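# Residue-level structure breakdown
Residue-level listing of the chains:
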Amino acid sequence: MKCCADGVFTIVSTQCNGTWCRPTQTHGSSVQHHAGPVQLHASIVIVFPIHHVPIAQLPVLTTAFHNLLSRNHSSVSFVICFTGIRRSLRNASLFLSLCLTISVFWCGYGVVFILGGQGVLNDAGDFRNALVPGLVTFTLALLIIAVVGFLCREVILAMIASAVSLASAHEVAMRYSTAFGSSAVACNYMIVCLVGGYFALGRILYFLTKEKIALPGTDLAKKKTHEQIHSTSGSMNHFAVTGLILNMLSASVFGCRLLGITGKLFIGQVPWLWAAGIYQTGICILSYRAMDVLMATFFGFTSILKFAGGYCLLYPIWQPEEPSFPTPFLVVFSILFVVLALFLTLKSPVDGLYLLFYVAYCIALACRPKGFFEGGPQGVDVAIFVASALMTLIHLYNVKASAKIPTGKDAVKALLARSSFLKLREGPDLHAPYLGYSKYADAEVLGYACSVLASFAITMTGDPQAPLATVVIPWVVVAGGILKLLGGSVAFARGKTLESSAFILYAVMWIIWGLTRYGGLYGTTRSFHAAVGIIAFMLFNGFIVFCTLFLNIAWFFYSLTFSLIAISFLLDAIHALPAGYDIAATLTFGLVSFYCFLSALFNSIFEGSYLPMGRPIVQLSGVGGGMTKCLHLPARKASSVKRIADILKNGGTCGIPTDTVYVLVAACNRPDAVEKAHHSKRQAQDRPMSLWISSLKQLEPAKHLFTPLLWDFMEAAWPSPISLVVPRGEWVDFLGMKDSAKYVGTPQSIAIRIPDCSVTTHLIDLVGPIVVTSANPTGEADTTHHNQVYAKLGDKVDAVLCDGPSPENIASTVVDCTKIDSGNIGFFRVGIIPKSQVLQILEQVQKKHTLVPNSGTCTTKRQEEHLNHSHAVHNGVGMAASEETAPAQSPDDGCENRTRL
């Protein structure tokens, strides 16, 4: 550090044995230096004014500057993570893996330096022990990404990955030998800057020129065709690679200690473990987004282990002894891993074998009282590190390359195809939501498993005088709380309101009770307050128990046995817990949860109900009481609209979105469907169904049966949320409704409309004219969301076209046009279109007809139209027009009407 003449201090970075030299204390005007814990990759000159800063405060400023650089690592890591996830929507798997891997790397790396800036890490040895496990992991992980990138001709991404990998390797060597300087690290990151700048320039040009200019190696769109072909044939989890790398990271922390690479396990390695745990939880959520239930559950399990490992390394903060582990929990955890491995083997035998390493890991933890600190579990960590590296290579290469590394997937599928007992669940409806359209797979498997883990974790009562001596908090708070909240959120997104409410309520209960009872916060002074809170939870759970009577038997016992858990909490809070009651309650709840876990696994993998959840104890006979789940298809997909059209053509009824509210529809040329729609809605006689068309061309064969003024008014008013009630006539016979026509309109009139909704009109183009009624029982409020269609009509509909909330919550305007030829119209209902706008449209049409000369030509034109359309064929329903001609209107009558208007 040197002072300039103008009062500005300049800090020039220098290297002292591979570490950053920083001022630590001052004596007078002199500044002393020693080797500090902040590592930089090149010499940097920072100039800042300190005119009014005493020289004694310079160490504080320098430390603050180091902390700022470290925080920048963490901030940039989240930006990179967001970039990778956004790009994952386009199946750029290598780019996604690279972004997420570097994001985790820099996040943990930055937090370690923040700890150093706060004085937690005392010397260079602490920095070496803290940094090396992460550097070793990402050196190998990024090298794998680079190799796959070069093999698959992703040169730009491979160069970035290889440069960061080499930089990490040089930094590991620099930590152990002073002969290695930081110049090699700086050169590698300079390569990253240059190649990254080239890649960014290429993407900017690609965007600004609207995909006309793409620099070589920067056009990711060309690389994704092969991946999209495979992703459409089945669910492909592009996030699994990052999850496997995170498994390498946590295994490296404990494996390096066994191999002697690091000297101790301490708080400096917690950033790597908890960064891996947080990112692993995110990978779990994204795996549900990728419709991969089994791998999402696996990543949820491994995130629990990562949080528990970091928690154990924090123990020296509050007690000198190493913690002990609850054996029952770890045994149950190993059983869950075994079950998950068996089901994952059906999908990929290699993945199933990989899970067996975690079975051995849980057994090793259960056999050693000190858990993560013993040599047995650390030896399994070394094996997990190697296996995770191999699985990373297999997954990443199989996603990118055309030639696959065999994993035995096709062999298992062929074997199950011969079985008549077990049949894999496949097809487009594999992850169809129970209610509504969801972008996530079902997370109930993880929710039930977390209930099992949390219940068996609290079977270890522990010492009331030393509640932290046993590792219980991470199992209860992370498994029973955080991951259960995740499962409840996904269940809500899939329309399972009751299940999501139960999961969220139980998660909050586990978090509060786990922290209070096993975190040292619980005492005699808090007993009354804890009891009041538990009673409130019991009241909420009582309502859930009542609602599950209408759901199924398994959920009834699941919620009822949790009441036993809550009772044990209450008795413990008031110091009246009988001996053995809490163990019996937790075991009962754990066994019921384990059955639900197996049932959810079977139902998600196999067709049929091998382990049924049971029927409702109280069966509703009315709306929504059935067990059949109708299809819920996203309206944004053309294939979904086509499937709805096929259902309507085959005589089904569907709920669809419109320009106003959701409606229930049936095809006019299917009389059975029209009658079904009438009965399923319990239609009242004063609320008849209406007719919808996509254009007036569908009524063209019957145009001669409408007056010219009415026809022109329909042409001017549509498409719009205006329903026109027109006189009933022979034109109804053109629609093919036959006897079911009595359910549409009244004996004197019918309401017709062309909706102002592209999805609806496209559907009518495919099907033909449809009959429409509101998607709710008569007398109830209009349906404004696709979730409400099933909630109100139950299994009475065959499918629902899902488009989220309705654009308008107001129904259409219904106009009485039965006397329009006399110049009068009425309004049955004034909806979204005001009365003044309708009258303005009518006035414009009337002016158009008033300007027509009063001559015989108008009658001649009318007769000509009648002759032209008497033998036309209907466009929408494909029926021939009636060959009988209606009585022609006299010329005098026709001209008289127009003159009067």
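See the structure shown above.
Since the structure is predicted, the reported quantities are computational estimates derived from the model, not experimental observations.

Let us now look at the pattern of salt bridges. All chains considered together, the criterion is met by 11 salt bridges. Between arginine 175 and glutamate 171 there is a salt bridge whose closest N-O contact spans 3.8 Å. Remark: glutamate 171 and arginine 175 occur in helix 4 (residues 155-176); sequence separation between them is four residues, near one turn of the helix. The residue aspartate 798 makes a salt bridge to lysine 676 at a minimum N-O spacing of 2.8 Å. Note that aspartate 798 is positioned in the loop between helix 24 (786-793) and strand 14 (799-802) and lysine 676 in helix 21 (residues 671-680), a separation of 122 residues in sequence. In this structure aspartate 798 comes out as partly exposed when scored by relative accessible area, which is 29%. Put simply, Asp442, Glu444 and Lys496 are held in one network by salt bridges that share partners.

Let us look at the sheet that holds strand 16 (residues 826-829). Sheet strands line up and pair through hydrogen bonds in the backbone, either parallel or antiparallel. With respect to topology, 10 strands assemble into an open sheet ordered 7-14-8-9-13-10-12-11-15-16, the strand pairing being mixed. On the outer flanks of this sheet lie strand 7 (631-634) and strand 16, each paired with one strand and no other. Neighbour to neighbour, the strand axes of the sheet diverge by 30 degrees on average, direction disregarded. In this sheet, strand 13 (residues 770-774) lies alongside strand 10 (residues 690-692) in antiparallel orientation, the contact comprising three bridges. Paired with serine 690 across the two strands is valine 772, which belongs to strand 13.

On to a nonpolar patch on the surface. On the surface, Phe543, Phe546, Phe550, Ile553, Phe557, Leu560, Ile617 and Val618 cluster together into a nonpolar patch covering about 710 Å² of accessible area. Secondary structure elements with two or more residues in the nonpolar patch: helix 17 (527-548) and helix 18 (553-573). Residue contributions to the nonpolar patch peak at three residues, all from helix 18. Counting through the fold element by element, valine 618 comes out in the loop between helix 19 (581-605) and strand 7.

A few words now on the packing of helix 9 (residues 293-313) against helix 15 (residues 473-493). Put simply, helix 9 and helix 15 touch, their axes get as near as 9 Å, and they point 140 degrees apart. For the pair helix 9 and helix 15, the crossing hand works out as right-handed. Two secondary-structure elements touch here, helix 9 through Gly300, Ser303, Ile304, Leu305, Phe307, Ala308 and Tyr311 and helix 15 through Ile473, Pro474, Trp475, Val478, Ala479 and Leu483. Looking at the contact of helix 9 with helix 15 residue by residue, the classes come out as 11 nonpolar, two polar and no charged.

In this section: helix 9. Residues spaced three or four apart along an α-helix point in a common direction, a consequence of the helix completing one turn every 3.6 residues. Compared with an ideal rise of 1.5 Å per residue, which puts 21 residues at 30 Å, helix 9 spans 31 Å between its outermost C-alpha atoms and is within 8% of the ideal. The element helix 9 is extensively covered by neighbouring structure, given that 21 of its 21 residues are classed as buried. The N-capping residue of helix 9, defined by a side-chain oxygen 3.4 Å from the backbone nitrogen of methionine 295, is aspartate 292.

Procedures and definitions
Residues numbered from 1 in each chain as written. Predicted model: local features only at pLDDT ≥ 70, side-chain atom pairs only at ≥ 80, totals over all residues. Heavy atoms only, no water. Salt bridge = Lys/Arg side-chain N within 4 Å of Asp/Glu carboxyl O. Helix = DSSP H or I, 4+ residues; strand = E, 2+ residues; numbered from the N terminus. Buried < 20%, exposed > 50% of the residue type's maximum accessible area, 1.4 Å probe, protein only. Pairing = 2+ DSSP bridges. Axes fitted to C-alpha atoms, helices over the stretch in contact; angles between N-to-C directions. Patch = residues over 30% accessible without salt bridge, like charges linked within 9 Å, V, L, I, M, F, W, Y side chains within 5 Å. Areas by Shrake-Rupley, 256 points an atom, 1.4 Å probe, with all protein chains shown as cover. Left-handed = near helix turned anticlockwise from the far one by under 90°. Contact = heavy atoms within 4.5 Å. Nonpolar A, V, L, I, M, F, W, Y, C, P; charged D, E, K, R; others polar. Expected span 1.5 Å × (residues − 1). Polar contact = N/O pair within 3.5 Å; in protein donor to acceptor, adjacent residues only side chain to side chain.

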